[in-house]
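Listed below are the residues making up each chain.
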Amino acid sequence: SLEFRDGVIVDTRPALRGGSAVIAALGGAATLERTVIHGAVENGAVALGAGASLTLRDVAVRDIAPRPRDQGGGWGIAAFHGARVVGDGVLVERASRAGVIAYADDARVELRDAIITDVRGAGTGFGAGLMAIDRAHVVAARIAVRGARGAGVASTAYSRADASVYGATLRASDLFVRGVRASSVDDIAGQAPPVAYGVSVGRDCALDLERATVLDADWGFFHSAASLTLRRALVARQRRGAGAASLVDARHPLRLEDLSLRENASNDIARDIDLPSLRLEPPPEPELPRLSD
């Protein structure tokens, strides 16, 4: 176990591999309070594997770079493969690939009072603020995402050569998303035109938002064979349209309750429109440090 308080972790770099500022792995537990992480490679703070846990209170994570050799990583805060992250009072600024991510095997992120800003986008440029991927789960409250690329908030599956793992869920209340920049959301073929979604939910995944404000993207929301609920939400100033949905049915519902649409290029909800879904390569596995002999 690790407890770290009132400190600064600066410019972590790989030895033979690794480069994350803080890792809780293999059943380990780490707690950071009143801490700044500035400049790391692959992850700012990550929990990896079932039984691993990471608690962050009043923590700032800034300037997280991808791995130089393969551009893997670039996550500000991450829970991988069944691990759990709890964050309260968090700032993530200038991560390369995503601000906060939960990925695979019921990994879970619980986040309150967080600001995620200026996700740079690595590789093809995609860089979401907040993501739940491949049977992972995010529960969030009072979250601001500003300056993501491709999508501000996403619940989806990575595409694989053999199969896709569905079932990611993301629930958030009091969410503010603004200024998503257009980017390729297909880093497999790389041929889809650039697009910006305020929030996006993919096949057989779920996204449930209450008291959400989504401003200044191409589309306020994108639903693709999924479950999407927006309650008491404002979608405004979208460059192309308020929202788009494909393959809506009883199994893949679109629930819009007390939704306010203002100053969008179109306030209609486009149905079965040909837009690119997120098609992302699975992330390279996080690397644990290995020191030379």
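What you see is a predicted model; the values in this text were computed from it and never measured. All residue numbers here refer to positions counted from 1 along the written sequence of the relevant chain. The model is predicted, so local features are restricted to residues of pLDDT at least 70 and side-chain atom pairs to those at 80 or more, both for listing and for counting; the totals for chains, interfaces and linings are taken over all residues. Hydrogens and water molecules were not included; the side-chain quantities draw on all heavy atoms of the structure.

Focus on the pattern of salt bridges
Should their charged atoms come close, side chains of opposite charge can pair. Salt-bridge detection follows one rule: a side-chain nitrogen of Lys or Arg within 4 Å of a carboxyl oxygen of Asp or Glu. Under the counting rule described, the total for this entry stands at 25 salt bridges. When the shortest N-O distance is used, the salt bridge between Glu 93 and Arg 62 registers 2.9 Å. A residue pair is termed long-range when its members are at least 10 positions apart, and Glu 93 in strand β7 (residues 84-95) and Arg 62 in strand β5 (residues 53-65) qualify at 31 residues. Only protein chains enter the calculation, and the probe is 1.4 Å; a residue is then buried if its accessible area is under 20% of its type maximum, exposed if over 50%, and partly exposed in between. On the accessibility criterion, Arg 62 (24% relative accessible area) is partly exposed. A run of H or I in DSSP counts as a helix once it spans at least four residues, and a run of E counts as a strand once it spans at least two, with each numbered from the N terminus.

What about the sheet that holds strand β12 (residues 151-156)?
At least two bridges found by DSSP between two strands are what make those strands a pair. With parallel pairing, 10 strands are arranged side by side in an open sheet as β2-β4-β6-β8-β10-β12-β14-β16-β18-β20. Edge strands, defined here as strands with exactly one partner in the open sheet, are β2 (22-25) and β20 (269-271). Each adjacent strand pair in this sheet contributes to an overall mean axis angle of 10 degrees, direction not counted. Two strands pair when backbone bridges link them, and strand β8 (residues 98-103) and strand β10 (residues 128-133) are joined in this way by five bridges, in the parallel orientation. Each bridged residue has a counterpart across the sheet, and for Ala 98 the counterpart in β10 is Ala 128. Between N-to-C directions, angles cover 0 to 180 degrees, with each direction set by a line fitted to C-alpha atoms, over the stretch in contact for helices.

Focus on the environment of Ala 172
With respect to the helices, strands and loops of the structure, Ala 172 is situated in strand β13 (residues 169-178). A sequence separation of 32 residues divides Ala 172 from Ala 140, and the C-alpha atoms of the two residues are 4.6 Å apart. The contact criterion used throughout is that any non-hydrogen atoms of two residues lie within 4.5 Å. Excluding anything up to four places from it in sequence, Ala 172 contacts Ala 140, Asp 208, Leu 209 and Glu 210.

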